[in-house]
Amino acid sequence: VSIVDTFTDGNGMPLVFTSGPSFVSSSSGSLEGDLLVGETATYTATYVIAQNAVDSGSISNSVVASGDSPMDTTVMDTSDDGDDTDGNTDDDSTVITIIANPILDIVKVVDTIVDNGDGEVGVDDVINYVITLTNQGNVTLNNITIVDNLRDNLGNVLTLTTGPDYQNTGGIEGILQVGETATYLATYIITQSDVDAGGVNNSVIGDGTAPDGTDVTDTSDDGDDTDGNTEDDTTDTQIVATPDLVLVKLGTYIDDTNDGFVNAGDLIEYTFTVRNTGNVTVSNITIDDPLTNTAGLSITPSTLAPNETGTVSVLYTVTQADIDAGEVINSATVIGEDPNGDDVVDVSDSGDENDDRDGDSDPTNDPTITDLSSPNLTLTKTGVYVDVNNDGLPNIGDVIEYTFTVENSGNVEITNIILDDPLPGIVVNGGPIDLSPGEIDTTTFTASYILTEADVLSGRVENQASVTGQDEMGEDVIDVSDDISDTTDVDIDGDGDGEDITVIEIEIDGDVIIYTGISPNGDGNNDDFRIVGLSDFPNNTLRIYNRWGVLVFDANGYEQPGTPFFKGISNGRVTIQKSEELPVGTYYYVLDYEKSGTMIHKAGYLYINR
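Computed from a predicted model, the values in this text were never measured in an experiment.

Engineer: Could you clarify how one ought to interpret the overall build of the chain in this entry?
Structural biologist: The number of helices and strands found in the chain is 4 helices and 42 strands. Since a compact globule built from 610 residues should have a radius of gyration of about 25 Å, the 60 Å found for the chain marks it as more spread out than a globular shape. The burial tally for the chain puts 39% of its 610 residues in the buried class. A fraction of 60% describes how many contacts in the chain between residues 6 or more apart in sequence connect residues 24 or more apart. When the accessible surface of the chain is totalled, it reaches about 31300 Å², and 50% of it is carbon and sulfur.

Engineer: Would you explain the packing of aromatic side chains in this entry?
Structural biologist: Geometrically, a pair of aromatic rings is defined through the distance of the ring centres and the angle of the planes. Under the criterion given, the structure shown has 12 aromatic pairs. Ring centres of F23 and Y43 lie 5.5 Å apart, and the angle between their planes is 70 degrees; on these two criteria the pair is classed as edge-to-face. Of the two residues, F23 sits in strand β2 (residues 19–26) while Y43 sits in strand β3 (residues 41–46), which places them 20 residues apart along the sequence. Given the relative accessible area of 25%, F23 is considered partly exposed. The class of Y43 is partly exposed, set by a relative accessible area of 24%. With a centroid separation of 5.4 Å and 70 degrees between ring planes, the pair formed by Y588 and Y605 is classed as edge-to-face. One end of the pair, Y588, is in strand β41 (residues 585–595); the other, Y605, is in strand β42 (residues 598–608), and 17 residues separate them in sequence. Residue Y588 is classed as partly exposed on the basis of its relative accessible area, which comes to 32%. Using a relative accessible area of 59% as the deciding quantity, one classes Y605 as exposed. Cluster of aromatic residues (ring-pair linked, three or more members): F529, F553, Y558, F565, F566 and Y589. The ring of Y129 is capped by K108, whose NZ or CZ atom sits 4.0 Å from the centre of that ring.

Engineer: Is there a simple way to think about the sheet that holds strand β17 (residues 267–276) in this case?
Structural biologist: Whether parallel or antiparallel, the strands of a sheet pair through hydrogen bonds between backbone atoms. Across the sheet, 3 strands lie side by side as β16-β17-β20; this open sheet has antiparallel pairing. In this open sheet, the two edge strands, each paired with only one partner strand, are β16 (245–254) and β20 (309–317). Ignoring strand direction, the axes of neighbouring strands in this sheet form an average angle of 20 degrees. Here β16 pairs with β17 via 10 bridges, running antiparallel. Within β17, the residue paired with L247 across the bridge is V274.

Engineer: Where do I start with the pattern of salt bridges in this structure?
Structural biologist: Pairing between side chains becomes possible if they bear opposite charge and their charged atoms approach one another. This structure, assessed with the given rule, holds 6 salt bridges. One salt bridge connects K381 with D421, and the closest N-O pair in it is separated by 2.5 Å. Of this pair, K381 sits in strand β25 (residues 377–386) while D421 sits in the loop between β27 (414–420) and β28 (427–429), placing them 40 residues apart in sequence. Taken as a pair, K381 and D421 share a single burial class, namely buried. Here R610 and E581 are joined by a salt bridge, their closest N and O atoms 3.5 Å apart. With R610 in the segment after β42 and E581 in the loop between β40 (551–556) and β41, this residue pair connects regions lying 29 residues apart in the sequence.

Engineer: I tried to follow a negative patch on the surface on my own but got confused; where do I start?
Structural biologist: On the surface, a cluster of negative charge is contributed by D77, D83, D84, D86, D90 and D91. Mapping D91 onto the fold places it in the loop between β5 (74–78) and β6 (94–97). Residue classification places D91 among the partly exposed positions, given a relative accessible area of 37%.

Engineer: What exactly am I supposed to notice about a nonpolar patch on the surface here?
Structural biologist: Judged by side-chain polarity, V384, V386 and V388 come together as a nonpolar surface patch covering roughly 230 Å² of accessible area. Topologically, V388 is positioned in the loop between β25 and β26 (399–408).

Engineer: Which parts of the structure should I look at to understand the nonpolar core?
Structural biologist: Inside soluble globular proteins, nonpolar side chains tend to come together where they are buried. Counting 29 residues, the largest nonpolar core has Y402 and V406 as its most contacted members. Contributions of two or more residues to this core are made by β25, β26, β27, β29 (433–435), β31 (446–450) and α4 (453–458). With 4 residues, the top contributor of residues to this core is β26. Contact partners of Y402, with chain neighbours within four places excluded, come to K381, T382, G383, L423, I426, T446, A447, Y449, V461, T502 and I504.

Engineer: Explain the sheet that holds β29 here, please?
Structural biologist: If you walk across this open sheet you meet the 4 strands as β29-β27-β33-β34, and the pairing is antiparallel. Bordering the open sheet on either side are β29 and β34 (476–480), each of which pairs with just one other strand. Put simply, the sheet's adjacent strands are angled 30 degrees from each other on average, direction ignored. Here 4 bridges tie β27 to strand β33 (residues 466–470), and the two strands are oriented antiparallel to one another. By the bridge assignment for β33, I418 is matched with T468.

Engineer: What am I meant to see in the pairing of β20 here?
Structural biologist: On a regular strand, one side chain projects to one face of the sheet and the next to the other, so that they alternate. In β20, alternate side chains face the same way, and those of G310, V312, V314 and Y316 are buried while those of T309, T311, S313, L315 and T317 on the opposite face are not. Across 9 bridges, the pairing between β17 and β20 is antiparallel. In the strand pairing of β20, Y270 is matched with V314.

Engineer: Honestly, the side chain of S56 in this entry has me stumped. Any pointers?
Structural biologist: With respect to the helices and strands, the residue S56 is situated in helix α1 (residues 51–56). The buried category is assigned to S56, whose relative accessible area is 13%. Beyond its immediate sequence surroundings of up to four residues, S56 is in contact with D9, G10 and N11.

Engineer: Any chance you could explain the pairing of strand β8 (residues 126–135) here in plain terms?
Structural biologist: With 8 of 10 residues buried, β8 lies mostly within the body of the structure. Summarising the sheet, strand β7 (residues 104–114) and β8 pair through 10 bridges and their orientation is antiparallel. Bridged to K108 within β8 is I131. Of the pairings in the sheet, the one linking β8 to strand β12 (residues 181–189) comprises 9 bridges and is antiparallel in character. Pairing of I131 across the sheet is with Y184, part of β12.

Cut-offs and rules
Residues numbered from 1 in each chain as written. Predicted model: local features only at pLDDT ≥ 70, side-chain atom pairs only at ≥ 80, totals over all residues. Heavy atoms only, no water. Helix = DSSP H or I, 4+ residues; strand = E, 2+ residues; numbered from the N terminus. Rg over C-alpha atoms; globule rule 2.2 N^0.38 Å. Buried < 20%, exposed > 50% of the residue type's maximum accessible area, 1.4 Å probe, protein only. Contact = heavy atoms within 4.5 Å. Areas by Shrake-Rupley, 256 points an atom, 1.4 Å probe, with all protein chains shown as cover. Phe/Tyr/Trp six-rings, centres within 6.5 Å; stacked < 30°, edge-to-face > 60°. Lys NZ or Arg CZ within 6 Å of the ring centre and 35° of its normal. Pairing = 2+ DSSP bridges. Axes fitted to C-alpha atoms, helices over the stretch in contact; angles between N-to-C directions. Salt bridge = Lys/Arg side-chain N within 4 Å of Asp/Glu carboxyl O. Patch = residues over 30% accessible without salt bridge, like charges linked within 9 Å, V, L, I, M, F, W, Y side chains within 5 Å. Lys, Arg positive; Asp, Glu negative; His and termini not counted. Charge placed at Lys NZ, Arg CZ, Asp CG, Glu CD. Core = buried A, V, L, I, M, F, W, Y, C linked by side-chain atoms within 4.5 Å.

Now the structure itself:
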């Protein structure tokens, strides 16, 4: 007796027993290969199920037994499975059916988000995705494919920046063994539209084929079961919207009449600058400004992405009331719309971070103040020469009486007005005073000046004073004096007022004065022989003789620029040696000068004292 076992999987592919068939025993004790009448021989075999058998869906086994009778007749039989309830009572194979349970599980997680440097999830950040597919069933899955569905939170279709890319870890792409996991990597760079949408969401649909041709699919899970959803929930990256606008309003005064003063009808150009300081796009941006009667004024551009700036300008006509107030103070409002349709609002700021004009200790949202004050002072200085001893001649000790006229020629009050006159020895009387716009003071400030020898000899006194006050902001307002008798005014400081030196001529009735003594000792007093008024008569000749009639000094154009003065030293033109110091004593001068076409002759004694 012998047996032949036929062992195949569900696809008819031969299988090999793990062990056996092996003879165990005979019921009557016969040896292997002999069977007595009524005797039963038992064989055993084992098979550890392999994956290919599972994938085939079944295991089929049939045994053919044969033996020889005493008459050499071959006796054969094909095995039955012992189950007659299946409708087949003879020779049916022993079949073990393996139920296929194909399961594909996909998880997609955000591995990391690479920040662009601003510390917030937003534009240009990189999302790194990891996609894992695991065969959780009991059969091999083939033809594995994945489809990535990336969208923003508004449902707009997006495209991955890179991937999904299969990571080779020893398996074969497209095939998943039971328990095997395949990994894919992908990246996405966040755009502004994603931020505006509030974020991105992503799911992956995986597809494979079971050995029996059954389609196996799964939609990815985010790997977080603590959210109450344990499967097939999208992988989300939420971006918190922080809409924000900043409005700066600047005012620039325009002197429309170009006269250097603030007048009703002049203009202020207001420039509105709006910056999107949030992280989402703001649209339909407009300006409301009650000062310029502007409502819904669109900026350019009217839609701003983060960090973008838009502007618009309007003109405002200055009124007299504005000038009286000294300034125009105002705030405007910007209104925009975020991606959710909600208003984004900001009140304008003056643009000066160090300026807290509203006193709230917050340097933002301060009103814009345009200063319309044009503070100005106008100072004139006049003087009257007083012949103290009434001799008709200028003398040391004569006086010049100065009068100062101060006018507030601006449009704001000037306070604490004081005068300063640098003329040596002069003391200004009066002050300080306050002046309203247009007010003139002609009596408060006066001064007296006593003539010196230098003044008498020069024939004039030249001088310029200055006035200083404070405007309403405490800033200094300064002007230097003007001589109203001078018709060639020079506007030094560009304020529309002339500023010329005040010149007081020391009158001598159109003649000359000859001082008949000198003391050339270098002390600065009477060192020179001076003839006051001779500078007005350039056509002149001066000769000086000693007591013996010898010419010791000779000059043409005396008291004219470039002509040296007589200092008691011979100019060496005749018998006296040049540069020789003349002795103390009496000398004789002869002066001839032309006056109004007539030659005038004067002569007299001159005394030199050392």
